[in-house]
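# Analysis of the macromolecular model
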Amino acid sequence: MSSSEWRNDQPLPYHVAMIMDGNGRWAQMHKLPRIAGHHAGAKRAEELIRFAGDTLNLPYLTLFALSAENWHRPKSEINLLMQLLDQFITDKLNEFVANNVRLLVIGDLSVLPVSLQRTIEHAIASTAGNSGLVLSVALNYGGRQEIIRACRKINAEITAGTIDPERLDITTFRSYLYAPHVPDPDLIIRTGGEQRISNFLIWQLAYAELYFTKTMWPDFTVKEFLQAISDFQTRDRRFGATEE
Ligand code: FPP
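Structural notes, computed from the coordinates. (Residues numbered from 1 in each chain as written. Predicted model: local features only at pLDDT ≥ 70, side-chain atom pairs only at ≥ 80, totals over all residues. Heavy atoms only, no water.)

Of all the five residues making up strand S1 (residues 15-19), five are buried; the element is thus mostly covered by neighbouring parts of the structure. Of the two faces of S1, the one holding His15, Ala17 and Ile19 and the one holding Val16 and Met18 are both buried throughout. Pairing analysis gives five bridges linking S1 to strand S2 (residues 60-67), with the strands arranged parallel. From the neighbouring strand, Ile19 faces S2, where its bridge partner is Phe64. (Buried < 20%, exposed > 50% of the residue type's maximum accessible area, 1.4 Å probe, protein only. Helix = DSSP H or I, 4+ residues; strand = E, 2+ residues; numbered from the N terminus. Pairing = 2+ DSSP bridges.)

Here is the structure:
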């Protein structure tokens with residue numbers, strides 16, 4: 001077996017989160033408009049979601065589709081991205097229902113176009129009873145914003161007397177995050193060559209293994225996904241403890 005193959009006898013990650021970076025540069029390399037990179041990226045996401053659910057039986061997959069900071073892009077690109085996301089969720093819904101995929105969306109959805117908000121609500125409701133892959137899509141998401149939002153909610157409860165601040169702990173705090181029942185990611189993959197986290201799941205990634213690749217997202221194949229998993233399987237995860 002080649003070293004790039006994932007091993008069935010080694011623990012698989014339970015939750016993989018992906019920063020899908022490099023669509024714009026991929027488009028530039030192919031002398032195409034940036035939105036063509038996002039379309040190619042959506043195709044890649046489609047393939048990897050199917051593989052994660054059907055072949056890997058991965059319980060949780062989270063995809064960073066739009067950061068809270070991505071709004072500082074030309075309005076034309078944002079509008080096309082909104083359309084693409086709406087189309088993506090609409091087109092994939094039947095497949096998610098058929099394949100037992102449960103869709104969650106994390107982030108501040110209030111500023112998204114109302115039509116996209118409706119599409120999201122409908123897709124979340126239609127897949128709520130599914131028990132297979134939990135696919136979380138991070139949209140207008142920022143980790144710092146998520147933590148501040150949780151603090152505001154907790155503060156309101158402290159003011160109302162329903163939380164004793166002395167009893168606030170990690171478990172209680174977690175319950176105020178966007179998706180409290182989704183476990184922390186075991187593996188975070190970032191494509192596109194940058195080696196940073198960019199405000200993604202910063203509370204949840206405390207013990208995640210990080211995998212960075214120079215491959216642009218539209219070129220991130222199933223084969224490379226398996227290489228990332230194989231690399232994860234070589235990591236010694238001690239969670240702050242010692243070997244003994
Ligand atoms: C980052 O590349 C990518 C995005 C901001 C958009 C990601 C969206 C998709 C892949 C569409 C599919 C959506 C879902 C829900 C699966 P970039 O534009 O920052 O690339 P660059 O760094 O090369 O400019």
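Alright, that's what it looks like, and here's the rest.
Taken together, 18 residues surround the ligand, and among them Asp21, Gly24, Arg25, Arg34 and Arg73 come closest. Separating an oxygen atom of the ligand from a backbone N or O atom of Arg25 is a distance of 2.7 Å. Within the side chain of Arg73, a nitrogen or oxygen atom sits 2.7 Å from an oxygen atom of the ligand. Isolated, the ligand exposes 620 Å² of accessible area, and the fraction of that covered by the protein chains is 92%. (Near = heavy atom within 4 Å. Polar contact = N/O pair within 3.5 Å; in protein donor to acceptor, adjacent residues only side chain to side chain. Areas by Shrake-Rupley, 256 points an atom, 1.4 Å probe, with all protein chains shown as cover.)

The subject of this paragraph is the sheet that holds S2. Across a sheet, paired strands are connected by hydrogen bonds in the backbone, their directions being either parallel or antiparallel. Strand order in the open sheet made by the six strands is S3-S4-S2-S1-S5-S6, with parallel pairing throughout. Edge positions in the open sheet fall to strand S3 (102-106) and strand S6 (209-212), since each of these has one partner strand only. Taking each pair of neighbouring strands and ignoring which way they run, the sheet shows an average axis angle of 20°. Relative to S6, strand S5 (residues 187-190) is paired through four bridges, and the arrangement is parallel. Bridged to Leu187 within S6 is Glu209. Lying over the sheet, helix H3 (residues 75-98) contacts S2, S3 and strand S4 (134-141), oriented at roughly 160° with respect to S2. (Axes fitted to C-alpha atoms, helices over the stretch in contact; angles between N-to-C directions. Contact = heavy atoms within 4.5 Å.)

The next subject is the nonpolar core. With 45 residues, the main nonpolar core has Met18, Leu61, Leu135, Ile189 and Phe225 as its most contacted residues. It is H3 that provides the largest number of residues to this core, a total of nine residues. Filtering out sequence-adjacent residues up to four positions away, Met18 remains in contact with Leu61, Thr62, Leu63, Phe64, Ile189, Phe200, Trp217, Phe220 and Phe225. Counting residues in hydrophobic clusters, the runner-up holds twelve residues, among them Ala138, Tyr141, Leu201 and Ala208. (Core = buried A, V, L, I, M, F, W, Y, C linked by side-chain atoms within 4.5 Å.)

Another point: helix H4 (residues 114-127). For H4, which comprises 14 residues, the first-to-last C-alpha distance of 20 Å matches the rise-based estimate of 20 Å (1.5 Å per residue) to within 8%. Listed as buried for H4 are Leu116, Gln117, Thr119, Ile120, Ala123 and Thr127. Along the axis of H4, the buried positions cluster into a sector of 160°, meaning they face one direction only. Counted as exposed and oriented over 90 degrees from the buried face of H4: Val114 and Ala125. (Expected span 1.5 Å × (residues − 1). Arc of directions from axis to C-beta.)

This next bit is on unusual backbone geometry. Even without being glycine, Asn140 reaches a positive phi, approximately 50°. Its location among the elements puts Asn140 in strand S4. Exposure remark for Asn140: the relative accessible area of 7% places this residue in the buried category. The backbone of Leu201 shows a phi angle near 45°, a positive value even though the residue is not glycine. Examined against the element boundaries, Leu201 turns out to sit in the loop between S5 and S6. Residue classification places Leu201 among the buried residues on the basis of a relative accessible area of 4%.

With that settled, consider empty space enclosed by the protein. Summed over the entire model, instances satisfying the criterion amount to two cavities of 30 Å³ or more. The calculated volume of the largest cavity comes to roughly 130 Å³. The residue inventory of the lining of the largest cavity, partitioned by class, reads eight nonpolar, four polar and three charged. Considering only enclosed or pocket space, the second largest cavity measures out at about 70 Å³ in volume. Every residue lining the second largest cavity is listed: Glu46, Ile49, Arg50, Gly53, Asp54, Phe88, Lys92, Glu95, Phe96, Asn99 and Val101. Going through the elements one at a time, helix H2 (34-54) and H3 are the ones with two or more residues in the lining of the second largest cavity. When residues in the lining of the second largest cavity are grouped by element, the largest group, five residues, is from H2. Looking at the lining of the second largest cavity, its residues break down into four nonpolar, two polar and five charged. (1 Å grid on protein atoms, 1.4 Å probe; cavity = no way out; pocket = protein on both sides within 12 Å on 5 of 7 lines; lining within 4 Å. Points joined across faces, edges and corners; volume = space filled by probe spheres on them. Nonpolar A, V, L, I, M, F, W, Y, C, P; charged D, E, K, R; others polar.)

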